[in-house]
Amino acid sequence: MDIKEKLRILADSAKYDASCSSSGSTRKNENGLGNASVSGICHSFASDGRCISLLKILLTNCCIFDCKYCLNRKSNNIKRAIFTPEEVCELTINFYRRNYIEGLFLSSGIIKSPDYTMELLIKTISLLRFKYNFHGYIHAKSIPGASEVLVKKLGKLVDRLSANIELPTKESLKLLAPNKDSDKVANIMSCVKNNRSKYFAPAGQSTQMIIGATSDTDYDIMVKSANLYKTYDLKRVFYSAYIPVNQDKLLPSLKTPPLKRENRLYQADWLLRYYNFKVDDLLSSTNPNFNLLLDPKADYALRHLNEFPKEINEASYYDLLKVPGIGVTSAKRIIKSRQVFKINFNDLKKMGVVIKRAQYFITCNHRYFINPSLFNQKFIESNLVLESKPTSVNSNQLSLFS
């Protein structure tokens, strides 16, 4: 099998791993190729809007595990391939020189044993670093069950090191991935947290959870995520909508991936990390799933309407963050600006506040933007739902010559 065919197979096999992130590295170029420090290598898009690309491949799609949801499980009759360390290096360097990529994401199926697979990953990345002098960004996926010694070796070679938790509960993991052990994943996360430095996984660690393959609720998932952030200092938890690639009686019969649910989890995750929300603010055991018609912040505001409206010229920074339509940047601008003058609704537009969402939940100088008699849940909810629906757009190509 030639290298092009291997690339086709192993790049396709890697596409289901969503946790390919890459921000925050400080690895510098010292007389070699690539640099992950000058402008920063980021997942998909940098903060200034630049699109960043990584070569995302598996070392092999052969695997001794039989996870029900995984395309590469051992019981599937699919075409298998394995790269040699030299082939991975050749691809990475050639793609980099052609300006196709700025870094590498390398994961693998498990062959022979977790330790054997980790040793192959270490050999490959060592070759890339020391023989080919590649100083660009590398994100590697560690293998659960591998020894701590090997995890430490790999962590010294890469910018980000991650391990996928896959499912939020031990019961779900035992049901769909009986070969995997969540405690072994936790051991890797602990190792990365305890050893992280500018010389060991400087861009931190991340993980992934599959959404919709089990009966776990959004509340179960967010509780797990909050615990991971707190315990292991993760940079990101990625949520991957379950894609029905296998037939199995233990798997749900979905025709399409639950992408809207995935989107709501990402929105809620953002609220936990940057908006000072707690899981219990958004969900509970009696309200365990997100509203698919409204984003989590708007849903929270409607369920806690007694806490609104917030007076723009008096509310605290964290109270402002609870208002739909006000983000971190605009909240900081409000706090800074009101030290100089009284803010009105026109000022809010200039500060980046989305008035069409915020108008229902705020006052300026104790005056409502809307008619006060309309401050009720039914009216606000119907308008927010209507506003969130996509508008029809004429998709016909405009003529350049008309």
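Residues numbered from 1 in each chain as written. Predicted model: local features only at pLDDT ≥ 70, side-chain atom pairs only at ≥ 80, totals over all residues. Heavy atoms only, no water.

(A) The overall build of the protein, seen in detail. In terms of regular secondary structure, the protein is built from 15 helices and eleven strands. In the protein, once contacts between residues fewer than 6 apart in sequence are set aside, the share between residues at least 24 apart is 67%. (Helix = DSSP H or I, 4+ residues; strand = E, 2+ residues; numbered from the N terminus. Contact = heavy atoms within 4.5 Å.)

(B) Inspection of helix H3 (residues 114-131) at higher detail. With 18 residues, H3 extends 25 Å between its outermost C-alpha atoms, agreeing within 8% with the 26 Å of an ideal straight helix rising 1.5 Å per residue. Here the buried face of H3 lies against helix H2 (85-97), strand E4 (103-107), strand E5 (137-141) and helix H4 (148-155). Asparagine 133 lies just past H3 and shows a positive phi near 55°. (Expected span 1.5 Å × (residues − 1).)

(C) Examining the packing of aromatic side chains more closely. One pass over the full model with this rule turns up eleven aromatic pairs. Consider the rings of phenylalanine 277 and tyrosine 300, whose centres lie 5.2 Å apart with planes at 85°: the pair is edge-to-face. Of this pair, phenylalanine 277 sits in the loop between helix H8 (259-274) and helix H9 (279-282) while tyrosine 300 sits in helix H10 (residues 296-303), and the two are 23 residues apart along the sequence. One exposure class covers both phenylalanine 277 and tyrosine 300, and it is buried. Ring geometry for tyrosine 317 versus tyrosine 318: centroids 5.1 Å apart, planes at 70°, classification edge-to-face. Taking relative accessible area as the criterion, tyrosine 317 reaches 21% and is therefore assigned partly exposed. Among the aromatic residues, those joined into a ring-pair cluster are Phe308, Tyr360, Phe361 and Phe379. Here lysine 56 stacks its cationic end above the ring of phenylalanine 105, 5.8 Å away from the centre of that ring. If you follow arginine 236 out to its NZ or CZ, it ends over the ring of phenylalanine 238, 4.6 Å from the centre. (Phe/Tyr/Trp six-rings, centres within 6.5 Å; stacked < 30°, edge-to-face > 60°. Buried < 20%, exposed > 50% of the residue type's maximum accessible area, 1.4 Å probe, protein only. Lys NZ or Arg CZ within 6 Å of the ring centre and 35° of its normal.)

(D) Broad picture of the sheet that holds strand E10 (residues 362-364). In space, the three strands of this open sheet follow the order E9-E10-E11, with mixed pairing throughout. For this open sheet the edge positions go to strand E9 (310-311) and strand E11 (367-368), each flanked by a neighbour on one side alone. Both E10 and E11 contribute to a ladder of two bridges, which runs antiparallel. Pairing of threonine 363 across the sheet is with tyrosine 368, part of E11. (Pairing = 2+ DSSP bridges.)

(E) Looking closely at the sheet that holds strand E6 (residues 160-162). Strand order in the open sheet made by the four strands is E3-E4-E5-E6, with parallel pairing throughout. Looking along the sheet, the strands with just one partner apiece sit at the ends: strand E3 (55-58) and E6. Ignoring strand direction, the axes of neighbouring strands in this sheet form an average angle of 15°. Bridge count for E3 against E4 is four bridges, and the pairing is parallel. Paired with leucine 55 across the two strands is leucine 104, which belongs to E4. Strands E3 and E4 of the sheet are contacted by H2, whose axis makes an angle of about 165° with E3. (Axes fitted to C-alpha atoms, helices over the stretch in contact; angles between N-to-C directions.)

(F) Structural view of the packing of helix H6 (residues 182-195) against helix H7 (residues 218-232). Taken N-terminus to C-terminus, the directions of H6 and H7 make an angle of 40°; their axes are 10 Å apart at the nearest point. Taken together, H6 and H7 sit at an angle that is classed as oblique. Across from Ala186, Met189, Ser190 and Lys193 in H6, the residues of H7 making contact are Leu228, Thr231 and Tyr232. Taken together, the residues of the contact of H6 with H7 sort by class into four nonpolar, two polar and one charged. (Parallel < 35°, antiparallel > 145°, perpendicular 65-115°, else oblique. Nonpolar A, V, L, I, M, F, W, Y, C, P; charged D, E, K, R; others polar.)

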